[in-house]
Amino acid sequence: MSEALNMSVSQVFNKDGKKYAFVSFTDGTRQAEGQIPDCKITARQGFDEAEAKLLEHYMKENLSQLKKMASSVRVMNAFMHD
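Residues numbered from 1 in each chain as written. Predicted model: local features only at pLDDT ≥ 70, side-chain atom pairs only at ≥ 80, totals over all residues. Heavy atoms only, no water.

Participant: So what's going on with the pattern of salt bridges? Which residues, and what values?
Facilitator: One pass over the full model with this rule turns up 6 salt bridges. Here Arg44 and Glu49 are joined by a salt bridge, their closest N and O atoms 2.7 Å apart. Taking the relative accessible area as the measure of exposure, Arg44 reaches 41% and is therefore partly exposed. Its salt-bridge partner being Glu49, residue Lys53 comes within 3.9 Å of it at the nearest N-O pair. Remark: Glu49 and Lys53 occur in helix H1 (residues 49-61); sequence separation between them is 4 residues, near one turn of the helix. (Salt bridge = Lys/Arg side-chain N within 4 Å of Asp/Glu carboxyl O. Buried < 20%, exposed > 50% of the residue type's maximum accessible area, 1.4 Å probe, protein only. Helix = DSSP H or I, 4+ residues; strand = E, 2+ residues; numbered from the N terminus.)

Participant: Hey, could you go over the packing of aromatic side chains for me, with residue numbers and the actual values?
Facilitator: For the structure on display, the rule yields 4 aromatic pairs. Ring plane angle 85 degrees and centroid distance 5.6 Å describe the contact between Tyr20 and Phe22, whose orientation is recorded as edge-to-face. Residue classification places Tyr20 among the buried residues on the basis of a relative accessible area of 18%. Judged by its relative accessible area of 24%, Phe22 is partly exposed. When the ring of Phe25 is compared with that of Tyr58, the centres are 6.2 Å apart and the planes differ by 85 degrees; the resulting orientation is edge-to-face. Here Phe25 is found in strand E3 (residues 18-26), whereas its partner Tyr58 is found in helix H1, with 33 residues between them in sequence. The class of Phe25 is buried, set by a relative accessible area of 3%. Residue Tyr58 is classed as partly exposed on the basis of its relative accessible area, which comes to 34%. Through pairs of rings, three or more aromatic residues link up here, namely Phe13, Tyr20 and Phe22. In this structure, Arg30 packs its charged tip against the face of Phe47, placed 4.2 Å from the ring centre. (Phe/Tyr/Trp six-rings, centres within 6.5 Å; stacked < 30°, edge-to-face > 60°. Lys NZ or Arg CZ within 6 Å of the ring centre and 35° of its normal.)

Honestly, that's just the spatial picture; any functional story needs more than this.
Spelled out as structure tokens, the structure:
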């Protein structure tokens, strides 16, 4: 994998009583998206199967921190002005 891999985490969503968030990975040319807490890559472009498994492993190992990041995302704050 490329050394410059960027990651972003979405806000928490709630569907049918189950909470989840999306984790996106990109290195500029390739991208992958996974879902937590399942820690599964759900879409990928440019990442091979072995790399996708590494990203899933990363999500599992860092699930607690990823959940904290997702819970701190406030989409509406982007639209609020002082």
